[in-house]
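Structural overview
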Amino acid sequence: RQRISRDFHDNVGSQLTGIVYKLNSLHYQAEKNPASNKIIRNLDVLDKQVRGIMQMLRDTIWAVNQQSINVQELYRKTQEHLHQQIGPDGRLEYEVHLKGNPEQRLSAQQTLHIFRIIQEAVQNTLKYAEASLIQIHFEAHEAIHIQISDNGIGMNLEDQSQRLGHYGLENMQS
């Protein structure tokens, strides 16, 4: 576990950091050319994507480094994720609630699966829901229940045309 975490950090993390550095360097060079607005926009998109990958890597390392994680830590990590994705002044408001035993333990694997489901649900809300509010409720007693909801337009799960090419819901269910 520790070795995998170090390998991710040292190898993949350092390569991603190198990519960000090179993107920033290209951005700086492109700013000197007034005709390079499209290049700058593309560099900005790439930079954002690489930084997102770096954050996913950090989140994975965080979960893998633990033998077990309590619900309070997952709750805090969820709040951090929402703040990073939406920000305090975004078009989408968010609420995260925790009831029950905050010391309830989850394995690292359970935590990572739950966190990935939360990430996917937040992405779906941002992309498709046209929502103004997303709520995530953690309830930890003997079992842990998580409810993710938004006030968006919804979707028809029976309509296969809405599901074609979109694997997020299937991934969350499996």
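Residues numbered from 1 in each chain as written. Predicted model: local features only at pLDDT ≥ 70, side-chain atom pairs only at ≥ 80, totals over all residues. Heavy atoms only, no water.

Counting its secondary structure elements, the protein chain contains 5 helices and 5 strands. In the protein chain, the succession of α and β elements from N to C terminus is α-α-β-α-β-β-α-β-β-α. Residues counted as buried form 31% of the 174 residues belonging to the protein chain. Total accessible area computed for the protein chain in this model is approximately 11,500 Å², and 51% of it derives from carbon and sulfur atoms. (Helix = DSSP H or I, 4+ residues; strand = E, 2+ residues; numbered from the N terminus. Buried < 20%, exposed > 50% of the residue type's maximum accessible area, 1.4 Å probe, protein only. Areas by Shrake-Rupley, 256 points an atom, 1.4 Å probe, with all protein chains shown as cover.)

Attention shifts here to the confidence of the model for the protein chain. For the protein chain, mean pLDDT is 83; residues scoring 70 or higher make up 82% of the total. Averaged over each element, pLDDT in the protein chain is lowest for helix α5 (residues 168–173) (66) and highest for strand β4 (residues 133–140) (97). (pLDDT = per-residue confidence, 0-100.)

With respect to the element layout, Q135 can be found in strand β4. On the accessibility criterion, Q135 (23% relative accessible area) is partly exposed. Separated by 39 residues in sequence, Q135 and V96 have C-alpha atoms that sit 5.9 Å apart. Leave out the neighbours within four places in its chain, and Q135 touches E95, Q147, I148 and S149. Polar side-chain contacts of Q135 include one of 2.7 Å to the side chain of E95. (Contact = heavy atoms within 4.5 Å. Polar contact = N/O pair within 3.5 Å; in protein donor to acceptor, adjacent residues only side chain to side chain.)

With that out of the way, let us pick up helix α4 (residues 108–129). With 22 residues, α4 extends 30 Å from end C-alpha to end C-alpha; this agrees with the ideal 32 Å at 1.5 Å per step. Considered for burial, the residues of α4 that qualify are A108, T111, I114, F115, I118, Q119, A121, V122, N124, T125 and A129. Positive phi appears at E130, one or two residues downstream of α4, with a value of about 55 degrees. (Expected span 1.5 Å × (residues − 1).)

Take empty space enclosed by the protein next. Counting across every chain of the model gives 1 cavity of 30 Å³ or more. There is about 30 Å³ of room inside the largest cavity. Counting residues per element, the ones that place at least two in the lining of the largest cavity are α2 (37–64) and α3 (71–86). A breakdown of the residues in the lining of the largest cavity according to their chemical character gives 1 nonpolar, 3 polar and 3 charged. (1 Å grid on protein atoms, 1.4 Å probe; cavity = no way out; pocket = protein on both sides within 12 Å on 5 of 7 lines; lining within 4 Å. Points joined across faces, edges and corners; volume = space filled by probe spheres on them. Nonpolar A, V, L, I, M, F, W, Y, C, P; charged D, E, K, R; others polar.)

On to the packing of α2 against α3, then. Between α2 and α3, whose axes approach to 13 Å, the crossing angle comes to 175 degrees. Compared by their axis directions, α2 and α3 come out roughly antiparallel. Across the interface between the two elements, Q55, D59 and W62 from α2 touch E73, L74, R76, K77 and Q84 from α3. Looking at the contact of α2 with α3 residue by residue, the classes come out as 2 nonpolar, 2 polar and 4 charged. (Axes fitted to C-alpha atoms, helices over the stretch in contact; angles between N-to-C directions. Parallel < 35°, antiparallel > 145°, perpendicular 65-115°, else oblique.)

Here we take up the sheet that holds strand β2 (residues 93–100). On the basis of which strands lie adjacent, the open sheet formed by 3 strands has the order β2-β4-β5 and mixed pairing. Both edges of this open sheet fall to β2 and β5 (144–150), since each of them pairs with a single strand only. Ignoring which end each strand starts from, the neighbouring axes of this sheet average 10 degrees apart. Relative to β4, β2 runs parallel, the two sharing 8 bridges. Bridge pairing links V96 to I136 in β4. Packed onto the sheet, α3 meets β2, β4 and β5 and runs at close to 180 degrees relative to β2. (Pairing = 2+ DSSP bridges.)

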